[in-house]
Each structure stands twice: as structure tokens, then as C-alpha cells.
Protein chains: 2
Amino acid sequence: APMHRMSGFAGAAWRWLLSLAAAARDRVVGFARTVWKIGADDPRKVAHGFKMALALTLCSVFYYVQPLYVFTGHNAMWAVLTVVVVFEYTVGGCLYKGLNRAMATVTGGALALGVQWIASKSGKEFEPFILSGSLFVFASAATYSRFIPTMKARFDYGVTIFILTYTLVAVGGYRVNEVAFMAQHRLTTIAIGALICFAVCALIFPVWAGQQLHDQVARNMDKLAAAVESCVEDLFSEAAGVDASTGERPAKRALSEKSQGYRAVLNAKASEDSLANLARWEPAHGKFGFRHPYPLYQKIGAAMRCCAYCVDALAASVGSAAQTPAHVKKHLAGACAALSRHCATVLREASGSVATMTRSGRLALVVGDMNAAAQELRHELRCLAALLEEDDSSDTEHNQDTAAPESAPPLIEVLPLFSAASLLLEICTRAEGVVSV
Amino acid sequence: APMHRMSGFAGAAWRWLLSLAAAARDRVVGFARTVWKIGADDPRKVAHGFKMALALTLCSVFYYVQPLYVFTGHNAMWAVLTVVVVFEYTVGGCLYKGLNRAMATVTGGALALGVQWIASKSGKEFEPFILSGSLFVFASAATYSRFIPTMKARFDYGVTIFILTYTLVAVGGYRVNEVAFMAQHRLTTIAIGALICFAVCALIFPVWAGQQLHDQVARNMDKLAAAVESCVEDLFSEAAGVDASTGERPAKRALSEKSQGYRAVLNAKASEDSLANLARWEPAHGKFGFRHPYPLYQKIGAAMRCCAYCVDALAASVGSAAQTPAHVKKHLAGACAALSRHCATVLREASGSVATMTRSGRLALVVGDMNAAAQELRHELRCLAALLEEDDSSDTEHNQDTAAPESAPPLIEVLPLFSAASLLLEICTRAEGVVSV
């Protein structure tokens, strides 16, 4: 019996191990799938990995090849260090860091050499105090300056490097006799590293921050257009659904996937801001000129978010408007659908105009159409309101010649529909705001 | 005459120079005021500058004091480097970078030493190729891994350091005879630098990311409560204003400053996410236990943003509801104001509950009150709708005994008010969503 129990225990342990292994395998497979998907969605990310490896391997040549090593010596380390920290996904990011690093190294180094010259004139015993004192002042001022928004956006990395260089030269130089010689040597290797970075980043499958920003804004605008359109579709299709099955399905149906596209717009602020900051550093490339108006994209993005807030409110009202009787909805369905189509057309026209970087001649036209459709919806609303009032006030006389065979619904049931319609009107106003940026 | 013209020219130049100097002075004064304001608003930022300077000065002692320099030698540079890149504003940031750096240095260094041992066994002529090949593989894999969201959030900095260490040890070690000795020495100085960082960051006026996140979420919730309240106030106060001066002021009046508070909520996502990521690394401190549920704050933040979208739509409707006749508004003013007050109470109660980290017993009570007030508003809406319908249908008979002395307004004028009210109801639903997170 103990033997039998033993084998039962062993079997249980074995099954437990098997299930553990299966769980681990599932996790690994899931992770591998995520990793694969990231690369399959955007092969440039895979290319980025290889580019980084290539840049580092180029740096390592300075160690392996004797004549090059004689030139750089142990300072080749600084080229490696530069590549590791400067190499970025976008060309703008690479240039931002590289130029910041260059400027900060030169400024910090020059300042440190100056202070050290002064310190060396004042005698050996005061030297450490002068050096440490100046370090304290400059480091605290530079660190504090990172809280200033403009500095943060443009020179955040530079400030770090400034502090680093100042400390290494001013303090580290205390123990080295030929500081200027050391500084010059380091600068050369840093420059070599930065050049390797720029060359690999900008020449092999470059990813431009400006282009990324441009594509993202245009794509988000299309998503917003699709969301406006399909939200209104949901609003009316749902009515039909509920009407047919007489309330069988839940009142709050999940929105169709297209209607959710506006969420991408809501969360795009951080990435738009950082891309716009990096794009500033990029040279002219492709269709993007030297002074391409990148801050404009941020403004368009803000206007789109403003529009998306209202789309969110409209999406929420889809559920509550489901109770409205279908024959009342019919009155507005046409005008609402037309307006949402026009609004989407305006946004798509604007997105096309952004994408091709041309001032679209049709834009004013479609905006006019949209405003006409909005006017039409306002008119329909007024008519429906009047009809509802009239229906109530003259139930007996007019019932035979009005088109509505059902009795007029109480006003309260129609209200969610009115709210949705007025939200749609507000969305159109804001869409015009997007266009007029 | 030429002399005269000369002096006129000189005068003009002088005036031009003066105006230029004045403009420059204005810019400098404006900049100085900005800088001063940042420090005055949050003195911890000034303290951060001094803390950074202190940490660096402590490192510089390793250069000045002979016995210490004998111990660290030229490697003291690595302590400085560590302090400059690891020192951060929040303790969480400092620990995140410090621990990432430590882990990555050890992993990268050990891996590199292992690969180097293998390479050294395979003969001098193959060594560079094995080393470069392994560098290429590891660097590209590590760089690609930064695109995986979980890696990005937790180990982004560590990956950079891993690549750096691997390259410096594997490739740099090619030229150094005692690699292990060098690696160990560097590790010691890096550890010294990291310890100085942690000590200065966590012991002198520490800024905890968890605390920051906590305060920010509670503060934003209060702002949202104030915005809901004062938006509704604006909605009705404006009516009175327009009514008194009979349309004299512009229809779209600027919202009061309090009503704009919700904008802080809309843009808080990026800072909430980064603070929550950093707070993870912090040890237990104050009221924050070891496994404090920081991701919960992100959920609350998302729910608040969801609520803020609707507040934005409501704020937009303040302008269009201004045309509604005052005597109609009177019907809803009470119920709307009461509901907004209750909604604000719920949010304030929740914010208090977040701030004190206690489960408020009153919360269920005030949510119940809010729902009762919402029910009341729905009832009022129904009454008003019925009244409007009745008013129309029975202009002649009932006019003497109904309370309204003015003729009933057309339905279309009342609609914006109805929309605003239903937005308010949606806001309350979403506020409940915030509470129930």
C-alpha cells in the first residue's frame, strides 16, 4: 500500500510538473508572439536593432585594427559610449542627442578649462576648494535649469552631458597633467562616435521623426472621421435592432470597432509632443523643408483631441438613445447620417491635405457642405420639435393627414436623440476648428 | 546740413539701440520671473539642484583626498558618471536607474567575460570575429527588446547600460590584459557612486514618486469636482446675465477659471504613467506599503479622464444654452445645481478617501444621494417636458392656472438645456465609474 501511495504521489507530482511546464510554454509562446508581432507590424524596428549593432561593430574596429588603435588609444571607449547613448530610433532623436552632446561637451569642457586655469593660478592649497565650489554652483544651476519647460524640451540631455563633462574635466583634470590634451583627444573620439551614429542612422533605412509625426496626425484624422461616421451609424442601426427584437438585446451594446478609433486620438498627445520636439532637429528631407511647421501638427492634434472628447460623449449617448422609438428616429436619421458623412468628408479632406501638404481647394467647399448639412439638421430638429408639439396639441384633428400612424411618443423619450444630435453639431463645429488650424 | 543729418542718424541709431536693450532687458526679466516662479511654486526643485551638486561634490572628494584616490585611481571617473546619469528628482527614478544600472552592469559584464573566455580559447586570429559577432547579436537583440512595452516601462535604461557594459568589456577587454580585475574595479566605483546617489536622494528632502502620484490624483479629482460644480453654475448664471442685458453680451462667454480645472485631468496621462512606473521601485515609505497598488491610480486616472471628456462637452454647451429663456431654466436650475453639488461631493469624498487611504463609509451614502439627485433631475426633465407639451396643447384653457405667466417657448429653444442636463447625467454615471474603480 505505501508503495502504491508512493506511485500515486509520484504521478501527481509528475502531472503537476507537466502542467507547470505547459504553463511556462504557453507564456513563452505568448511572449514570442508579442515580440514577433511588434516586428511584423513595423519591420523598421527590427532594422533599428541591426543598425545599432552595426554602429557598435564599426566602433569596435577601432580596438581591433592596430593603426586605428594607435590613433585613439584607450579613448576609443568614448566612441562606444557615444554610440550607445546617442543612437536613437528616429533621425531627429539621434541628432537631438548628438548635437546636444557635442554642444554640451564643448561648453562644459571650455568652461572647466577656464576655471581650472584660474584655480591653478591661486595656489595648490586653494585649488580643490575653488574647483569644488565652482562644480557645486554650476551643477546646481544646470540641474535646476532642467525644470524650465523650454530647456527641458530642447536641451535636457545636453544639460546632463554638460554636468558630466564639467565634472570630469574640472575635477578629473586635477590628477592629470595635460588636461587640454586629454580633452582634445576625447573630443575627437566622441566626434568619431557621433559621426558613425549619424551616418548609420540617417543613411540606412532612416526613420524621420517628422515623417512619423506627419503620418500619425493624418492617420488619426482618418480614424476620427471613421469614428464620427460609424458612431452615428451605430446610433441609428441600434434603434432598428432593438425595434426588431423588441428590446431583446442589451440596451448598451458594445460600439463597433471602427467607432473606437477616436481613442487613439485621445491618447496621442505625449507621442505627438515628443515627435514634434525631435523633428525640430532634423535637416530638410523629402517633402519636409528646413523650417517645416512642426508645431502646427501639435495644434492640429490638440484640435482633434478636442473633437474626440465630443465623439466620446456621443458614443456614450448611443446606448441611451436606443430607447427612442424608431419612427421618431427616422425623422433625424437622414439628416444625422448626412451630417456625419459630411463631417467625415471634411476630416478626410483635411487629412488628405495634410498628407499631401497641399492647400486643398475643395476644403472650403466641403466645409460649406458640412455647414449646410448642419443647418439642415437644425431645421430637421426644429421640424421634429414642432411636429411633436403639434402632434400633442392636435391629436384628434390632424391624425389622419399626418404621416405618423403611431401616437406621438412622450417628449422625454425623444430627448436622448436630441442630445445626440446636438453633440453631433458640436462635433462639426470642432471639426471646423481642426480644419481652420 | 550733412552734419545735422549725421546727428539725426546717430540719434536714430541710439534710439534703436535703446529699444533693443529694453527688449532684451524685458526678455531677461520675463525669463528670470519664470525661473523664480518655478522655484517658488515648488521649493523641492531648488533643493534637487543642490542635492545633485552635493552628490557630485562628494564624488569629487575621491580625487582630492590622496588615500581615497589610491583606492579608486582613475576609475573615480565611473563614480562621477554614475552620479550624473543616475541621480533623479524622485527616489523612485533614482532607484529605477540605479538598480537597472547595477543589474545591467553585472549581467552585461559577466556575459562579456564568459564570451571572452570562449573567444580566447579559439585562438588570436578568430578572437575579433567571435567578439564582434557576439556583440552584433546581443546588441541587436537588446535594442529590439526595447520596443516590447513591458521592457520599455521597466528596463529601458538597463538595456542601454547592458549594451554599453557588454561592448566595453568584450571589445575594450581585447586590449587589456586583466579584464576581470578592471571589471571588478569599475564595479566598485560604480557601486560607490550609486550609494552616494541613493543616500543623498532618499535622506535629504526625499521626493517620492508614489507620494507625487498620490497627491496628483487626489488634487485632480478635486479639480474635477470644482469644474463640474462651476460649469453648471456658469450654465445658469449666464442665463441670468443674458436675460438682464437682453443679449447684449456675446453668446459664448469665457468660462470661469474654476471650470477650466478639468483640463489638468485631460493632460495628466503621461505624467501619471511615468510616476506609476517609477513608484514601483520605491521601498515602503510613510503610508505607502511595500506592495502599494500603484496601477490602481492609473485606473482612477483613466476613469477621471473619461469623466473629464464629458465635462468638456458640457462646458461647450454652456454657450449654446445661453439662449434658453430664463423662466424655463428656472425649472431645472435647482435640480441641476443640486446634482452637480452631489456629484462634486462624491468626487471630493472619493478624493478624500484616496488622500487618507481609507475606505470611506460615507462614500456609498453620497453616491446614493447623487443617484437620488439624478433621479430627481430625470423627474424634473420629465415634468418640464410634460409642461411644455401641455402648455402647447392647452394654451387657452390652462393659461390662467399654470404658474408660467410667459407664453411657453418653442421646444427648439429649450433643447440645448436638455442636452446639457443629459450630459450632466452622463457625468454623474462616469463619476460613479471613478468611485467604483
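Keep in mind that this is a model prediction, so the values were computed, not measured. (Residues numbered from 1 in each chain as written. Chains lettered and ligands numbered in written order. Predicted model: local features only at pLDDT ≥ 70, side-chain atom pairs only at ≥ 80, totals over all residues. Heavy atoms only, no water.)

In this structure, what is going on with the overall build of chain A? I would like to understand it.
For chain A, the helix and strand inventory stands at 15 helices and zero strands. The burial tally for chain A puts 51% of its 437 residues in the buried class. Nonlocal contacts in chain A, meaning residues at least 24 apart in sequence, comprise 82% of its contacts between residues at least 6 apart. Total accessible area on chain A is roughly 20500 Å²; 65% of this is exposed by carbon and sulfur atoms. (Helix = DSSP H or I, 4+ residues; strand = E, 2+ residues; numbered from the N terminus. Buried < 20%, exposed > 50% of the residue type's maximum accessible area, 1.4 Å probe, protein only. Contact = heavy atoms within 4.5 Å. Areas by Shrake-Rupley, 256 points an atom, 1.4 Å probe, with all protein chains shown as cover.)

Mind showing me how you'd approach the relation of the copies chain B and chain A here?
To go from the first copy of the chain to the second, apply a rotation about an axis and then a shift along the same axis. You can overlay chain B on chain A at an RMSD of 0.2 Å; the transform is a turn of 180 degrees with a shift of 0.0 Å along its axis. Within this description, the copies of the chain are treated as partners about a two-fold rotation axis. Looking at the interface residues of chain B, 99% of them are also at the interface in chain A, so both copies use one shared face. (Least-squares fit on C-alpha atoms with pLDDT ≥ 70 in both.)

I keep staring at helix H11 (residues 269–279) of chain B and nothing clicks. Help me out?
Since the α-helix turns once every 3.6 residues, residues separated by three or four places project in the same direction. Listed in full, the buried residues belonging to H11 of chain B are Glu-272, Leu-275, Ala-276, Leu-278 and Ala-279 of chain B. Looking straight down H11 of chain B, one finds that the buried residues subtend no more than 165 degrees of arc, so they occupy a single side. (Arc of directions from axis to C-beta.)

Would you mind showing me how to read the environment of Ala-32 of chain A here?
Mapped onto the fold, Ala-32 of chain A is located in helix H1 (residues 2–41). Ala-32 of chain A gets classed as partly exposed once you look at its relative accessible area, which sits at 41%.

What is the right way to look at unusual backbone geometry in this model?
Note on backbone geometry: most residues besides glycine have negative phi, and most peptide bonds are trans. Residue and element names in this part refer to chain B. Within the chain, Phe-205 stands out as a residue other than glycine whose phi angle is a positive 40 degrees. With respect to the secondary-structure elements, Phe-205 resides in the loop between helix H8 (179–203) and helix H9 (209–244). For Phe-205, a relative accessible area of 62% gives the class exposed.

Help me understand the packing of helix H5 (residues 91–121) of chain B against H8 of chain B in this model?
Residue and element names in this part refer to chain B. Running from N to C, H5 and H8 point in directions that differ by 175 degrees, and their axes come no closer than 10 Å. Considering their axes alone, H5 and H8 lie roughly antiparallel with respect to each other. When H5 is examined against H8, the residues Val-91, Cys-94, Leu-95, Gly-98, Leu-99, Arg-101, Thr-105, Val-106, Leu-113 and Gln-116 are found in contact with a partner set consisting of Val-179, Ala-180, Leu-187, Ile-190, Cys-197, Phe-198, Cys-201 and Ala-202. Of the residues belonging to the contact of H5 with H8, the class tally is 14 nonpolar, three polar and one charged. (Axes fitted to C-alpha atoms, helices over the stretch in contact; angles between N-to-C directions. Parallel < 35°, antiparallel > 145°, perpendicular 65-115°, else oblique. Nonpolar A, V, L, I, M, F, W, Y, C, P; charged D, E, K, R; others polar.)

Just to check I follow, could you spell out the packing of helix H2 (residues 43–64) of chain B against H8 of chain B for this structure?
Helix packing geometry: the angle between the two helix axes and the distance between the axes. All names here are of chain B. Running from N to C, H2 and H8 point in directions that differ by 145 degrees, and their axes come no closer than 10 Å. Crossing handedness for the pair H2 and H8: right-handed. Every residue of H8 that contacts H2 at Lys-51, Leu-54, Ala-55, Leu-58, Cys-59 and Phe-62 is listed here: Ile-192, Ile-196, Val-200 and Cys-201. For the contact of H2 with H8, the class distribution of residues is nine nonpolar, no polar and one charged. (Left-handed = near helix turned anticlockwise from the far one by under 90°.)

Got a minute to help me understand the interface of chain B and chain A in this structure?
The partner chain A presents 77 residues to the 78 residues of chain B that form the contact. Here Arg-430 of chain A and Asp-312 of chain B are joined by a salt bridge, their closest N and O atoms 2.6 Å apart. In terms of residues, the side of chain B that touches chain A owes the most to one element, H2 of chain B, which gives 13 residues. Here the residues of the side of chain B that touches chain A sort into 50 nonpolar, 17 polar and eleven charged. (Salt bridge = Lys/Arg side-chain N within 4 Å of Asp/Glu carboxyl O.)

Whenever I open this one, the pattern of salt bridges confuses me. Can you help?
Side-chain pairs of opposite charge can arise whenever the charged atoms involved come near each other. Residue and element names in this part refer to chain A. Scanning all chains against the criterion turns up 24 salt bridges over all chains. In this structure, the salt-bridge partner of Asp-26 is Arg-25, at a minimum N-O distance of 3.5 Å. Because the salt bridges share partners, they merge into one network encompassing Arg-146, Lys-152 and Asp-156.

Quick question: what am I supposed to make of the environment of Gln-211 of chain A here?
Residue and element names in this part refer to chain A. Residue placement: Gln-211 occurs in helix H9 (residues 209–244). Taking relative accessible area as the criterion, Gln-211 reaches 26% and is therefore assigned partly exposed. Once the C-alpha coordinates of Gln-211 and Ala-308 are considered, the two residues, 97 residues apart in sequence, prove to be 23 Å apart. In this view, Gln-211 contacts His-285 and Phe-288; residues no more than four positions away in its chain are not counted.

Explain the packing of aromatic side chains to me, please; I cannot follow it from the model alone.
Think of a pair of aromatic rings as described by two things: how far the centres are apart, and how the planes are tilted against each other in angle. According to the stated counting rule, one finds 19 aromatic pairs over all chains in the structure shown. Note on Phe-50 of chain A and Phe-136 of chain B: the rings are 6.1 Å apart at their centroids and 15 degrees apart in plane angle, and the pair reads as stacked. Placement of the pair is Phe-50 of chain A in helix H2 (residues 43–64) and Phe-136 of chain B in helix H6 (residues 127–145), with the two residues belonging to separate chains. With a relative accessible area of 44%, Phe-50 of chain A lands in the partly exposed category. Judged by its relative accessible area of 27%, Phe-136 of chain B is partly exposed. Put simply, the rings of Tyr-89 of chain A together with Tyr-144 and Phe-147 of chain B touch in pairs and so form one group of aromatic residues. Across the ring face of Tyr-157 of chain A, the terminal group of Lys-97 of chain A is positioned such that the distance to the ring centre comes to 4.9 Å. (Phe/Tyr/Trp six-rings, centres within 6.5 Å; stacked < 30°, edge-to-face > 60°. Lys NZ or Arg CZ within 6 Å of the ring centre and 35° of its normal.)

Hey, could you run me through the side chain of Ser-145 of chain A in this one?
Residue and element names in this part refer to chain A. Within the element layout of this structure, Ser-145 appears in helix H6 (residues 127–145). Overall, Ser-145 belongs to the buried group, its relative accessible area being 13%. A distance of 2.7 Å separates a polar atom in the side chain of Ser-145 from the backbone oxygen of Ala-142. If we skip the residues at most four places from it in the chain, Ser-145 touches Met-151 and Val-159. (Polar contact = N/O pair within 3.5 Å; in protein donor to acceptor, adjacent residues only side chain to side chain.)

I'm lost on a nonpolar patch on the surface in this one. Help?
Together, Trp-14, Trp-16, Leu-17, Leu-18 and Leu-20 of chain A make up an exposed nonpolar region whose accessible area comes to about 580 Å². With respect to the secondary-structure elements, Leu-17 of chain A resides in helix H1. (Patch = residues over 30% accessible without salt bridge, like charges linked within 9 Å, V, L, I, M, F, W, Y side chains within 5 Å.)

What is the right way to read the state of the cysteines from this model?
Two cysteines form a disulfide when their sulfur atoms are joined by a covalent bond. Under the defined criterion, the tally for this structure stands at zero disulfides over all chains. Not part of a disulfide, Cys-231 of chain A finds its nearest cysteine sulfur in Cys-307 of chain A, a span of 11 Å. (Disulfide = S-S within 2.5 Å.)

Looking at this structure, I do not really get the side chain of Thr-105 of chain A. What am I missing?
Residues and elements named next belong to chain A. The residue Thr-105 is located in helix H5 (residues 91–121) in this model. From its side chain, Thr-105 meets the backbone oxygen of Arg-101 in a polar contact 2.5 Å long. When sequence neighbours within four positions are dropped, the list of residues in contact with Thr-105 reads Ile-161, Thr-165, Leu-187 and Ile-190.

Can you walk me through the confidence of the model for chain A in this structure?
Should pLDDT be low for a region, the predicted coordinates there are not to be read in detail. Residues and elements named next belong to chain A. Of all residues in chain A, 88% have pLDDT values of 70 or greater, and the mean over the chain is 82. A low-confidence stretch, residues 239–253 (pLDDT under 50), is modelled with 16 contacts involving residues beyond four sequence positions or located in other chains. Within the model, the stretch residues 394–406 combines pLDDT values under 50 with three contacts to residues more than four positions away or in other chains. Model confidence for the complex: the whole-complex pTM is 0.83, and ipTM, which rates the interface, is 0.82. (pLDDT = per-residue confidence, 0-100.)

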